[in-house]
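Below are the chains, spelled out letter by letter.
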Amino acid sequence: MDTLRSVHARIEAYYADKISRHGASPRGVDWTCTATQQLRFVQLLKLCDFSQPFSLNDVGCGYGALVGFLAWRHPEAEVDYLGVDLSPAMISRARRRHRGTPGRRFVVGNDSPRVADYAVASGVMNVMLDHPRDLWEEFVADTLRRMHASSRRGFAVNFMAERRDGTATEGLYRADPARWTSFCQQTLGCAVEVVGGYGMREFTLLVRLDHEP
Amino acid sequence: MGGLVSDSATRDVIGKINERFEAGESIAEMAALQREFKIFSSEHGLHRSWQLLNIKASDPAERPRWHHWTDRYLRTLPSDLEGVNGHDRLVKAFQENLESPNPLPMFYKHHLDSDDHRVLVTRGHAALHSTAEHIVISVPIIPVR
């Protein structure tokens, strides 16, 4: 756990630097642009049943870009939203940006303080920095366990896929879908849907807890 | 872009456009974004499309000029389609290609207004190492001293 605390500290410092340089924008959370950031939200939210009200934990919420997306794309949806991020600087930006918006709260931490219907995490697993791959996979597993423990109905998370030639990209974590699908099925006992083919070299896992065994 | 945008900002922005629309994964990503969000559409200006894609001059001082060039100046230019101005021609070219069953990579460049004063959209090989056929968009410029 002490080792993971140091991983969290490195991540916090990395994103604090990003937001101070780029501000509350997709670049501030390492995405190319608004459009690609939002295309990832589209995939993650395929998990949610928008026909009824639900609660949602946004793990690694950054400056709260998902809040704006929900208002734009799902204006009728009743979503009780909680954004969680390791970085106090991110949370501070998120609170300022969404001040006065009802049903939107933000907390600093590596874990959600509540159980919600769903949890999503966008881009949280990608920036490995210079951590050893084994340690980073421990961080990924720990994050998935926490999302599982704090979700009633399911959680969704995206990963960068491996390149065709199998080469690595310095500082980034690329995974085979089978690695984490298997973890969610066998270790967490969940049903998993892999979403891919949405124009990016990545995949999204929709992990459902409320499936029929 | 002639006297409207500095040479350095021009190189900067052209580089960003061509990187995002190059052959392979980039053009596939653009096609997916178009399918989901209608990034290029006659419903909004080209500058809005560039904003969504974060294609802008790195130098903040150049951004208002880039905005003016994109949403105003281009509308004053004729194009290779009769009755369609330069701005709308670009939007049409991006939209039609990205919504086609097999989108081609796209290459953006400039030519001298003295050679042809219209915005031109053609198919061909871009001035790159890639042998892939591209949609080539060329906008006329008038150099200033």
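See the structure shown above.
Predicted model, so just to flag it, every value in this text is computed and none were measured.

Calculation criteria
- Here the residue index of a chain counts from 1 through its sequence in written order.
- Working convention: letters from A go to chains and numbers from 1 go to ligands, in the order in which they are written.
- Where totals are concerned, whole chains, interfaces and linings use all residues; where local detail is concerned, this predicted model gives features only for residues with pLDDT of at least 70, and gives and counts side-chain atom pairs only at 80 or more.
- This entry defines residue contacts through backbone-placed C-beta atoms, with two residues in contact when those atoms are within 7 Å.
- Per the convention used, a helix needs a DSSP run of H or I reaching at least four residues, while a strand needs a run of E reaching at least two, with both numbered from the N terminus.
- Under the scheme applied, nonpolar residues are Ala, Val, Leu, Ile, Met, Phe, Trp, Tyr, Cys and Pro; charged residues are Asp, Glu, Lys and Arg; polar residues are all the others, including Gly.
- By convention in this section, buried Ala, Val, Leu, Ile, Met, Phe, Trp, Tyr and Cys residues joined through C-beta atoms within 7 Å make up a nonpolar core.
- With C-beta atoms placed from the backbone, a residue counts as buried when 20 or more other C-beta atoms lie within 10 Å of its own, as exposed when 12 or fewer do, and as partly exposed for counts between those limits.
- Should DSSP find at least two bridges between two strands, the strands are regarded as paired.
- Every axis corresponds to a line fitted to the C-alpha atoms, with the helix fit spanning only the stretch in contact, and the corresponding angles, defined between N-to-C directions, vary from 0 to 180 degrees.
- Crossovers are marked right-handed if the path from the first strand over the helix to the second runs clockwise, as seen with the strands pointing away from the viewer.
- Oblique is the label for every angle not falling under 35 degrees (roughly parallel), over 145 degrees (roughly antiparallel), or within 65 to 115 degrees (roughly perpendicular).
- The reported arc concerns the directions from the helix axis to the C-beta atoms and nothing else.
- Multiplying one less than the number of residues by 1.5 Å gives the expected span of a helix.

What about the interface of chain B and chain A?
Now for step 1: In this complex, chain B contributes twelve residues to the contact, which on the side of chain A involves 14 residues.
Now for step 2: At eight residues, the largest contribution of residues to the side of chain B that touches chain A is made by helix α2 (residues 25-37) of chain B.
Now for step 3: Class assignment for the residues of the side of chain B that touches chain A results in eight nonpolar, one polar and three charged.

Some thoughts on the nonpolar core
Now for step 1: Judged by nonpolar contacts, the single largest core of 85 residues is most densely connected at V120 and A156 of chain A together with I137 of chain B.
Now for step 2: Beyond its immediate stretch of four places on either side in the chain, V120 of chain A contacts L44, L56, D58, V59, F155 and A156 of chain A.

Focus: the sheet that holds strand β2 (residues 120-125) of chain B
Residue and element names in this part refer to chain B.
Now for step 1: Strand order in the open sheet made by the three strands is β1-β3-β2, with mixed pairing throughout. Of all the strands in the sheet, just β1 (106-112) and β2 have a single pairing partner and so form its edges. Neighbour to neighbour, the strand axes of the sheet diverge by 35 degrees on average, direction disregarded.
Now for step 2: Docked against the sheet, helix α5 (residues 86-98) engages β1, β2 and β3 (133-141), running at close to 170 degrees with respect to β3.

A look at the pairing of strand β1 (residues 54-59) of chain A
Residue and element names in this part refer to chain A.
Now for step 1: Alignment of β1 against strand β2 (residues 79-85), held across six bridges, turns out to be parallel. Its bridge partner being in β2, N57 is matched across the sheet by L82.
Now for step 2: The parallel pair β1 and β2 is bridged by helix α3 (residues 65-73), and the resulting crossover is right-handed.
Now for step 3: Here β1 runs beside strand β4 (residues 116-121); their pairing, made up of four bridges, is parallel. Residue pairing in the sheet places V59 in a bridge with A121 of β4.

Comments concerning the packing of helix α1 (residues 2-22) of chain A against helix α5 (residues 133-149) of chain A
All names here are of chain A.
Now for step 1: The N-to-C vectors of α1 and α5 enclose an angle of 90 degrees; their axes lie 10 Å apart at closest approach. Comparing their axes, α5 and α1 come out roughly perpendicular. Contacts between α1 and α5 pair T3, L4 and V7 from the former with L135, E138, F139 and D142 from the latter.

A short note on unusual backbone geometry
Now for step 1: Despite not being glycine, L129 of chain A shows a phi value in the positive range, around 55 degrees.
Now for step 2: For L129 of chain A, the position within the fold is in the loop between β4 and α5.
Now for step 3: In this structure, N54 of chain B is a non-glycine residue whose phi angle is positive, near 60 degrees.
Now for step 4: Among the structural elements, N54 of chain B can be located in the loop between α3 (46-52) and α4 (63-71).
Now for step 5: By the C-beta count within 10 Å, which is 18 here, N54 of chain B ends up partly exposed.

As for the environment of E99 of chain B
All names here are of chain B.
Now for step 1: Here E99 shows up in the loop between α5 and β1.
Now for step 2: Given 13 C-beta atoms within 10 Å, E99 falls into the partly exposed group.
Now for step 3: Separated by 39 residues in the primary sequence, E99 and P60 have C-alpha atoms spaced 32 Å apart.

What to know about the environment of L98 of chain B
All names here are of chain B.
Now for step 1: Checked against the element boundaries, L98 lands in helix α5.
Now for step 2: For L98, a count of 22 C-beta atoms within 10 Å gives the class buried.
Now for step 3: For the pair formed by L98 and K38, sequence separation is 60 residues and the distance between their alpha carbons is 9.6 Å.

Concerning helix α4 (residues 88-97) of chain A
Residues and elements named next belong to chain A.
Now for step 1: Taken residue by residue, α4 has M90, I91, R93 and A94 as its buried positions. Angularly, the buried residues of α4 cover 160 degrees about the axis, an arc narrow enough to put them on a single face. For α4, exposure combined with an orientation more than 90 degrees from the buried face picks out P88 and R96.
Now for step 2: Here the buried face of α4 lies against α1, β2 and β3 (104-108).

Quick look at the pairing of β2 of chain A
Residue and element names in this part refer to chain A.
Now for step 1: When you tally the buried positions in β2, you get six out of seven residues, the bulk of the element.
Now for step 2: In this structure, β2 lies alongside β3, joined through five bridges in parallel fashion. Residue pairing in the sheet places G83 in a bridge with F106 of β3.
Now for step 3: In this fold, β2 hands off to α4, which returns the chain to β3; that crossover is right-handed.

Some thoughts on helix α1 (residues 7-20) of chain B
All names here are of chain B.
Now for step 1: The first and last C-alpha atoms of α1 sit 20 Å apart over 14 residues, in line with the 20 Å expected at 1.5 Å per residue.
Now for step 2: Burial in α1 covers these residues: A9, V13 and R20. Buried residues of α1, viewed axially, fall in a sector of 35 degrees; they line one side. Structural note: α1 exposes D7, S8, R11 and E19 on the side pointing more than 90 degrees away from its buried face.
Now for step 3: As for α1, its buried residues are in contact with α2 and α4.

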